[in-house]
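Spelled out, the chains give:
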Amino acid sequence: GLNFIDLMVRQGNIDNPPKTPLVPGFECSGIVEALGDSVKGFEIGDRVMAFVNYNAWAEVVCTPVEFVYKIPDDMNFSEAAAFPMNFVTAYMMLFEVANLREGMSVLVHSAGGGVGQAVAQLCSTIPNVTVFGTASSFKHEAIKNSVTHLFDRNADYVQEVKRISADGVDIVLDCLCGENTGKGLSLLKPLGTYILYGSSNMVTGETKSFFSFAKSWWQVEKVNPIKLYEENKVIAGFSLLNLLFKQNRGGLIKGVMDKLLNLYNSKKIKPVVDSLWALEEVKEAMQRIHDRGNIGKLILDVEKAPTPLMANDSTETSEAGEEEEDHEGDNENKERMPFIQ
């Protein structure tokens, strides 16, 4: 699986990045080739998906058994690689942190991305939940049926939300950071929960920019603890990778995965796969995420051959998302223009 956090790792926009050289990637799917001596519950040949603390973008991956889960019979490998990060993150934020219940309302940014689409699907499993989403305008046609109200990511969504719901919303899920933090807090109802789970506004160029980093944090509204209790608002942060690999909550995540797989088997949720890329095309795949061109998840497929480049690919960059219409399922044979700079 290819995630926005991988761009932040590449640019050094994370705390204590590992020393290079390193193999990126935090999730994968595949077939068990070997087992540790004490491993139980799995056999060689099992189809599995797994969390990995780096090193997932490889032909052979090794990870502790507590981070490995069997793939349902009717889930293919690309869907399985798109499943763990997005759906566990969405589920934990909605149900473990924000306590989503019937009749609540949710605002999610980047509604067309992997986590955004997982949030929309999980919200649909609870009766009478209203979902407000922001996304780039070219994605609206493809995702309009997944959320209740959809706004352009560059529009004044605060006023649009308040026009529909004067009191605001119960839950705000923010992967952008920057000025959106203050906007999200201002939209919260009493007893509402604001959750920061990313800071993609820091990634503006191809390399780490101190100016972009400083500007993003400068725009973050300073949180006044007194104001929080006076307004009965909750502010929270969520990092799945820290929960797994630094805070030893693998058992908790396993329980969540069991619930999610039950929802998948009941056909209530399904990973949205944007496109499949060869490992040699990782630069172009990352460019697509950087340009916010994806609808759902990008997958690196070790068995896929690179798409032949056209004559002008080395000098031109195609517009993000222009060709994406059928965005669900295994898109291995979809025609697309590689994203080259």
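Residues numbered from 1 in each chain as written. Predicted model: local features only at pLDDT ≥ 70, side-chain atom pairs only at ≥ 80, totals over all residues. Heavy atoms only, no water.

(A) Main features of the environment of Asn 55. Checked against the element boundaries, Asn 55 lands in the loop between strand S2 (47–51) and strand S3 (68–70). Each C-alpha atom of the pair Asn 55 and Glu 27 lies 8.9 Å from the other, and the pair is 28 residues apart in sequence. Ignoring any residue separated from it by four or fewer positions in sequence, one finds Asn 55 in contact with Val 23, Pro 24, Gly 25 and Val 61. (Helix = DSSP H or I, 4+ residues; strand = E, 2+ residues; numbered from the N terminus. Contact = heavy atoms within 4.5 Å.)

(B) Expanded view of the packing of helix H6 (residues 157–164) against helix H7 (residues 180–187). As a packed pair, H6 and H7 sit with axes 10 Å apart at the nearest point and diverge in direction by 10 degrees. As summarised for this structure, H6 and H7 are arranged roughly parallel, according to the angle between their axes. Contacts between H6 and H7 involve Tyr 157, Val 158, Val 161 and Lys 162 from the first element and Asn 180, Lys 183, Ser 186 and Leu 187 from the second. Its residues assigned to classes, the contact of H6 with H7 shows 4 nonpolar, 2 polar and 2 charged. (Axes fitted to C-alpha atoms, helices over the stretch in contact; angles between N-to-C directions. Parallel < 35°, antiparallel > 145°, perpendicular 65-115°, else oblique. Nonpolar A, V, L, I, M, F, W, Y, C, P; charged D, E, K, R; others polar.)

(C) Just the side chain of Asn 294, in detail. Mapping Asn 294 onto the fold places it in the loop between helix H12 (282–290) and strand S11 (297–301). The residues touching Asn 294, leaving out its near neighbours within four places in the chain, are Gly 112, Gly 113, Lys 139, Asp 274, Arg 288 and Ile 289.

(D) Structural view of the pairing of strand S7 (residues 169–174). The buried fraction of S7 is high, at 6 of 6 residues. In this structure, strand S4 (residues 105–108) lies alongside S7, joined through 3 bridges in parallel fashion. Residue Val 108 lies in a different strand from S7, and its bridge partner there is Leu 173. As defined by bridge partners, S7 adjoins strand S8 (residues 188–196) across 5 bridges and the pair is classed as parallel. Of the residues in S8, the one forming a bridge with Leu 173 is Ile 195. Taken together, S7, H7 and S8 form a β-α-β motif whose crossover is right-handed. (Buried < 20%, exposed > 50% of the residue type's maximum accessible area, 1.4 Å probe, protein only. Pairing = 2+ DSSP bridges. Right-handed = clockwise from strand over helix to strand, strands pointing away.)

(E) Summary view of the pattern of salt bridges. Following the criterion strictly, the structure yields 10 salt bridges and no others. Here Lys 297 makes a salt bridge to Glu 27, at a shortest N to O gap of 2.4 Å. Of this pair, Lys 297 sits in strand S11 while Glu 27 is found in strand S1 (residues 27–31), placing the two residues 270 residues apart along the sequence. Look at Glu 27 and you get buried, because its relative accessible area is 0%. The closest approach of N and O atoms between Lys 233 and Glu 231, which form a salt bridge, is 3.2 Å. Looking at Lys 233, the relative accessible area reads 16%, which means it is buried. (Salt bridge = Lys/Arg side-chain N within 4 Å of Asp/Glu carboxyl O.)

(F) How the structure looks around H12. In terms of burial, H12 is a largely internal element, 7 of the 9 residues being buried. Taken together, the buried positions of H12 are Glu 284, Ala 285, Met 286, Gln 287, Arg 288, Ile 289 and His 290. Elements in contact with the buried residues of H12: helix H1 (4–11), strand S10 (273–278) and S11. Count one or two residues on from H12 and you reach Arg 292, which has phi positive near 55 degrees.

(G) Up close: the nonpolar core. Within the largest apolar cluster, 62 residues are counted, with the highest numbers of intra-cluster contacts made by Phe 51, Phe 83, Leu 100, Leu 122, Leu 173, Ile 253 and Leu 260. Here the element with the most residues in this core is helix H3 (residues 84–97); it accounts for 9 residues. In contact with Phe 51, not counting residues within four places along its chain, are Phe 26, Glu 27, Thr 63, Phe 67, Tyr 69, Pro 84, Met 85, Val 88, Leu 240, Leu 244, Phe 245 and Ile 253. Within the second largest apolar cluster, 17 residues are counted, among which are Phe 42, Val 52, Trp 277 and Leu 300. (Core = buried A, V, L, I, M, F, W, Y, C linked by side-chain atoms within 4.5 Å.)

(H) Layout of empty space enclosed by the protein. Applying the stated criterion across every chain yields a total of 1 cavity of 30 Å³ or more. Roughly 50 Å³ of internal volume is contained in the largest cavity. Only H3 and helix H4 (114–123) provide two or more residues apiece to the lining of the largest cavity. No other element matches H4, which puts 4 residues into the lining of the largest cavity. Residues of the lining of the largest cavity, tallied by class, amount to 5 nonpolar, 5 polar and 2 charged. (1 Å grid on protein atoms, 1.4 Å probe; cavity = no way out; pocket = protein on both sides within 12 Å on 5 of 7 lines; lining within 4 Å. Points joined across faces, edges and corners; volume = space filled by probe spheres on them.)

(I) Focus on the packing of H1 against H12. With their axes 10 Å apart at the nearest point, H1 and H12 run at an angle of 110 degrees to one another. Taken together, H1 and H12 sit at an angle that is classed as roughly perpendicular. Listed contacts from H12 to Phe 4, Asp 6, Leu 7 and Arg 10 of H1 are Met 286, Ile 289 and His 290. Taken together, the residues of the contact of H1 with H12 break down into 4 nonpolar, 1 polar and 2 charged.

(J) Main features of the sheet that holds S7. On the basis of which strands lie adjacent, the open sheet formed by 6 strands has the order S6-S5-S4-S7-S8-S9 and parallel pairing. The open sheet has two free edges, formed respectively by strand S6 (149–152) and strand S9 (234–237), since each of these has just one partner strand. When strand polarity is set aside, the average angle formed by the axes of neighbouring strands in this sheet is 15 degrees. Running at roughly 150 degrees to S8, H3 makes contact with S4, S7, S8 and S9 of the sheet. The strands touched by H4 are S4, strand S5 (130–135) and S7; relative to S4, the strand with the most contacts, the crossing angle is about 170 degrees.

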